[in-house]
Number of protein chains: 2
Amino acid sequence: MAGKVTIQDIANMCQVSKSSVSRYLNGGYVSEENKEKIKDAIEKTGFSENFFAKRLKTKKTCLIGIVIPRIDSVSVGKLLNGISDVFDANNYTSLIQISNLDSKKEVQCIQSLYQQGVDGIIVDSCGITKKHIEMAGQLDIPLLFTGQKNEYVNYKVIDDYAAGAIMGKYFRNFKHRNVVFLGVSESDESVGIYRKQGFIDAFGDAGTVRFVETDFSFLAAYRKGAEVMKSKPTAVICATDNIALGLMRYFNEQQIKVPQDVSLAGFGGYDISSVMYPRLTTISFDYTLLGQKTALSLLRLINGEEINLQDEIPLKLIERDSVQMAVNEIE
Amino acid sequence: MAGKVTIQDIANMCQVSKSSVSRYLNGGYVSEENKEKIKDAIEKTGFSENFFAKRLKTKKTCLIGIVIPRIDSVSVGKLLNGISDVFDANNYTSLIQISNLDSKKEVQCIQSLYQQGVDGIIVDSCGITKKHIEMAGQLDIPLLFTGQKNEYVNYKVIDDYAAGAIMGKYFRNFKHRNVVFLGVSESDESVGIYRKQGFIDAFGDAGTVRFVETDFSFLAAYRKGAEVMKSKPTAVICATDNIALGLMRYFNEQQIKVPQDVSLAGFGGYDISSVMYPRLTTISFDYTLLGQKTALSLLRLINGEEINLQDEIPLKLIERDSVQMAVNEIE
DNA sequence: CTGTTAGCGCATTCAC
DNA sequence: GTGAATGCGCTAACAG
């Protein structure tokens, strides 16, 4: 029965004009006396304002669009948590659309969100194409990317190159000379290129890095086990914790001991990596913080302010039990 | 620059009235000639209708509210996937709110969603309180619960009792006589009561079932390891795969072999359970299907149709490597 | 401090 | 078939 009462109704009840009610609602000048009356009437009727009318009038929709690649991913979950922390606090509601890791669908989602009248859009992208850049230029609302970066658009990302570099230096110091980097396709620039390249550059001439390509799933990594071990590496660095987990299963089956027979490391710092056995050494990304910063930045953009693209998210190497000093063969 | 063009603008361009444009948009009578002109104008300008104005006018918002307990959970992710399958296909957009496993917040989310003018709400609840029931009665839009059930509200759930029963029968047949059920608090009726009770009833007088309480996190389960093993059970049944995973870490550390020393099983059928070593025997729930059915049911409710509460989701026991026949001590 | 007035963009009578 | 007129519920000048 609620929901049908309008500000006109409560204006009538209080013998005031609806302007006064509107002012009451929006913090304008209203006499104490009327304030009381209006407050009572609102409580009694259970009145709630009509968002559509309000938005139609004010142009500010207080709606944010978010495009994510998939929903069932730990990192996306944390990112979303961070984002909603900020938007909840600022009275924005978010419309979430799922691109299913499809770049084309991603563009469609942006379109659809735009049509819904959102004030701005966050895109957790899996690959920025020319089409994305084109849209970013055409739309009259701000677009902010995360997950991937590109010089022609606004973005807020993890510093994947730096993360790779930390890991590269770590394994170099641990005297590993023959390692495998189990990574993903370069179509995902962040993980496929920057993260890998950071590792390679920092590892430098310490030894050889062989690259094996897989995707983000447990299963694919598990299946790559034999190929990974072909070169008898002393360590395997996986582009994500998930990948490490899949490989771990292969190791278990083959009775390959971690870290005695081979060291293993990942990226991500998911909860799961601390509950595996052995616990996985990894670089943790604070996706929740990334989400918060991304949301904050979008808000700035919406208000016409500038944002700082270089404001990076802290990275932390979490040393656990899956890596040991290499026992180098006599050469 | 797009987004500002209204039906009035394109009406002017075509020398027709905006009524005609509106008719064109909504499939009313328009002459072929005008149809063409309007179509061209729309394409040229990139016109898109203002959702708020439309919704203000038509009352149908085509918006659905969804309340979930957390975002970073596999089951919630799958559920959401199923839900969005259906809503995407029916041109509904969803507003998602996160309750953080807090019953009070859940009610607030429902309120907030209602105020946003959604046509209906799906609540993936972690506990239905009197407040929930009260709201369900007051609101003039349909409310559909999932995750938890209650005789006073509409719901669509997994049959947790049946799932527990399948597991109970399984362990009974496998001759286990001294087992531990590592479950969660009864405040979560579905998992805490029905799932457990189903197990106990089906296991029956085959032996003793000791109950140990934990929460849904890996870590808590890991910490309960010692308490779980105190009674030297031949099998541990965990209320979720996550819980099994946490316990597994304890077993690994303690050199307790699964399934040789103790059998282990979970509920959920998450991907992760197939990549653990040993692979976890579990009961898989099709959360995606549940999501689809839930969404479909809400649509029916919105259209004033009846829904079938008893239409259950299929359950499947997935036998893998973590359970073996009990080697019973001579008695 | 308050009421009156005028739209926001659209769908929908109702005459033509 | 089409256009003019009306109002959805609300905010924002504007004069009082």
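Residues numbered from 1 in each chain as written. Chains lettered and ligands numbered in written order. Predicted model: local features only at pLDDT ≥ 70, side-chain atom pairs only at ≥ 80, totals over all residues. Heavy atoms only, no water.

## Looking at the nonpolar core
Logical step 1: By size, the foremost hydrophobic cluster in this structure holds 139 residues, and its most contacted members are A:V236 and B:V236.
Logical step 2: In contact with B:V236, not counting residues within four places along its chain, are B:V180, B:L182, B:V228, B:M229, B:L247, B:F251, B:V262, B:S263, B:L264 and B:A265.
Logical step 3: Grouped together as the second largest cluster of nonpolar side chains are 42 residues, A:C109, A:I121, A:V153 and B:M135 included. (Core = buried A, V, L, I, M, F, W, Y, C linked by side-chain atoms within 4.5 Å. Buried < 20%, exposed > 50% of the residue type's maximum accessible area, 1.4 Å probe, protein only. Contact = heavy atoms within 4.5 Å.)

## Some details on the protein's contact with DNA strand C
Logical step 1: Surveying the vicinity of DNA strand C reveals 26 residues, the closest of which are A:S19, A:R23, A:N34, A:K57 and B:I7.
Logical step 2: Near the protein, within 4 Å, the atoms of DNA strand C are sugar or phosphate in 57% of cases.
Logical step 3: The separation between a phosphate oxygen of DNA strand C and a polar main-chain atom of A:S17 is 3.1 Å.
Logical step 4: Here the residues of the surface near DNA strand C are counted per class, giving seven nonpolar, 12 polar and seven charged. (Near = heavy atom within 4 Å. Polar contact = N/O pair within 3.5 Å; in protein donor to acceptor, adjacent residues only side chain to side chain. Nonpolar A, V, L, I, M, F, W, Y, C, P; charged D, E, K, R; others polar.)

## Some details on the relation of the copies chain B and chain A
Logical step 1: If you rotate chain B by 180° and push it 0.2 Å along the axis, it lands on chain A with an RMSD of 0.4 Å. The two molecules are tied by a two-fold rotation axis, judged by turn and shift.
Logical step 2: Most of the interface of chain B is mirrored in chain A: 96% of its interface residues are interface residues there too. (Least-squares fit on C-alpha atoms with pLDDT ≥ 70 in both.)

## Regarding the protein's contact with DNA strand D
Logical step 1: The environment of DNA strand D is formed by 27 residues, the closest being A:I7, A:K18, B:R23, B:N34 and B:K57.
Logical step 2: When atoms of DNA strand D within 4 Å of the protein are sorted by moiety, sugar and phosphate together comprise 57%.
Logical step 3: In this structure, a phosphate oxygen belonging to DNA strand D sits 2.5 Å away from a side-chain N or O atom of B:N34.
Logical step 4: B:K59 has a polar side-chain atom sitting 3.2 Å from a phosphate oxygen of DNA strand D.
Logical step 5: Sorting the residues of the surface near DNA strand D by element identifies α2 (18-26) and α4 (51-58) of chain A together with α2 (18-26) and α4 (51-58) of chain B as the ones contributing at least two each.
Logical step 6: Ranked by residues supplied to the surface near DNA strand D, first place goes to α2(A) with five residues.
Logical step 7: Looking at the surface near DNA strand D, its residues break down into seven nonpolar, 12 polar and eight charged. (Helix = DSSP H or I, 4+ residues; strand = E, 2+ residues; numbered from the N terminus.)

## Quick look at the UniProt feature "domain: HTH lacI-type" (unreviewed entry) in chain A
Logical step 1: On the UniProt side, "domain: HTH lacI-type" (unreviewed entry) is annotated at positions that read residues 5-58 of chain A here.
Logical step 2: Between the C-alpha atoms that bound residues 5-58 of chain A the distance is 20 Å, and the span itself is 72% helix and 0% strand. (UniProt positions renumbered as here; feature names shortened; annotations may be inferred.)

## Let's talk about the interface of chain B and chain A
Logical step 1: In this complex, chain B contributes 46 residues to the contact, which on the side of chain A involves 45 residues.
Logical step 2: In total, chain B and chain A occlude about 3,900 Å² of area from one another, counting both sides; carbon and sulfur atoms represent 63% of this.
Logical step 3: Among the residues of chain B in contact with chain A, B:F52, B:R249 and B:Y277 are the three that bury the most area, contributing 18% of the side total.
Logical step 4: There are seven residue pairs in polar contact (both at pLDDT 80 or more) connecting chain B and chain A.
Logical step 5: The biggest single contributor to the side of chain B that touches chain A is strand β2 (residues 93-98) of chain B, with six residues.
Logical step 6: Of the residues assigned to the side of chain B that touches chain A, the class counts are 19 nonpolar, 17 polar and 10 charged. (Buried area = accessible area lost by both parts, 1.4 Å probe.)

## A short note on the sheet that holds strand β8 (residues 235-238) of chain B
Residue and element names in this part refer to chain B.
Logical step 1: If you walk across this open sheet you meet the six strands as β7-β6-β8-β9-β10-β11, and the pairing is mixed. The open sheet is flanked by β7 (208-214) and β11 (315-318), the only strands paired with a single partner. Ignoring which end each strand starts from, the neighbouring axes of this sheet average 15° apart.
Logical step 2: In the sheet, strand β6 (residues 178-184) pairs with β8 via four bridges, with the strands oriented parallel. Bridging across to β8, F181 finds its partner in I237.
Logical step 3: Across the sheet, helix α9 (residues 189-203) touches β6, β7, β8, β9 (263-268) and β10 (281-285), and the angle it forms with β6 is around 165°. (Pairing = 2+ DSSP bridges. Axes fitted to C-alpha atoms, helices over the stretch in contact; angles between N-to-C directions.)

## Here we look at the packing of α4(A) against α4(B)
The angle between the axes and the distance between the axes are what describe a pair of packed helices.
Logical step 1: Between α4(A) and α4(B), whose axes approach to 8 Å, the crossing angle comes to 145°. Seen from above, α4(A) lies across α4(B) with left-handed handedness. In this structure, α4(A) contributes A:F52, A:A53, A:R55 and A:L56 to the contact, and α4(B) contributes B:F52, B:A53, B:R55 and B:L56.
Logical step 2: Here the contact of α4(A) with α4(B) is composed, by residue class, of six nonpolar, no polar and two charged. (Left-handed = near helix turned anticlockwise from the far one by under 90°.)

## Here's the deal with the pairing of strand β4 (residues 143-146) of chain A
All names here are of chain A.
Logical step 1: Of the two faces of β4, both are covered, the one formed by L143 and F145 as well as the one formed by L144 and T146.
Logical step 2: Note: strand β3 (residues 120-124) against β4, four bridges, orientation parallel. Across the sheet, the residue bridging to I121 is L143, located in β4.
Logical step 3: On the question of chirality, the crossover connecting β3 to the parallel β4 by way of helix α7 (residues 130-138) is right-handed.
Logical step 4: Pairing between β4 and strand β5 (residues 155-156): two bridges, direction parallel. The residue of β5 that forms the bridge with T146 is K156. (Right-handed = clockwise from strand over helix to strand, strands pointing away.)

## Notes on the packing of α2(A) against helix α3 (residues 32-45) of chain A
All names here are of chain A.
Logical step 1: At a closest axis distance of 10 Å, the pairing of α2 and α3 adopts a crossing angle of 85°. Classified by the interaxial angle, the pair formed by α2 and α3 is roughly perpendicular. Contact residues: α2 offers S20, V21, Y24 and L25, while α3 offers K35, I38, K39 and I42.
Logical step 2: Along the lines of polarity and charge, the residues of the contact of α2 with α3 split into five nonpolar, one polar and two charged. (Parallel < 35°, antiparallel > 145°, perpendicular 65-115°, else oblique.)

## A short note on the pairing of strand β2 (residues 93-98) of chain A
Residue and element names in this part refer to chain A.
Logical step 1: Counting buried residues along β2, six of its six residues qualify, which places the element largely inside the surrounding structure.
Logical step 2: Inspection of the sheet shows strand β1 (residues 63-68) paired to β2 by six bridges, in the parallel sense. Residue pairing across strands places V67 opposite Q97, the latter belonging to β2.

## Description of the domain arrangement of chain A
Logical step 1: Taken domain by domain, chain A consists of domain 1 (1-39) and domain 2 (160-284 + 316-330).
Logical step 2: Put simply, the middle of domain 1 of chain A and the middle of domain 2 of chain A, counted by C-alpha atoms, are 63 Å apart. (Domains from an automatic or database assignment.)

## A short note on the packing of aromatic side chains
Logical step 1: Following the criterion strictly, the structure yields 19 aromatic pairs over all chains and no others.
Logical step 2: One aromatic cluster is present, formed by A:Y170, A:F171, A:F174, A:F181, A:F199, A:F203 and A:F211 through successive ring pairs. (Phe/Tyr/Trp six-rings, centres within 6.5 Å; stacked < 30°, edge-to-face > 60°.)

## Section: the sheet that holds strand β8 (residues 235-238) of chain A
All names here are of chain A.
Logical step 1: Pairing is mixed across the open sheet formed by six strands, whose spatial order is β7-β6-β8-β9-β10-β11. Each edge of the sheet is formed by a strand with only one pairing partner; in this case those strands are β7 (208-214) and β11 (315-318). On average, adjacent strands in this sheet sit at an angle of 15° to one another, irrespective of strand direction.
Logical step 2: Relative to β7, strand β6 (residues 178-184) is paired through seven bridges, and the arrangement is parallel. Considered in β7, the bridge of N178 is made with T208.

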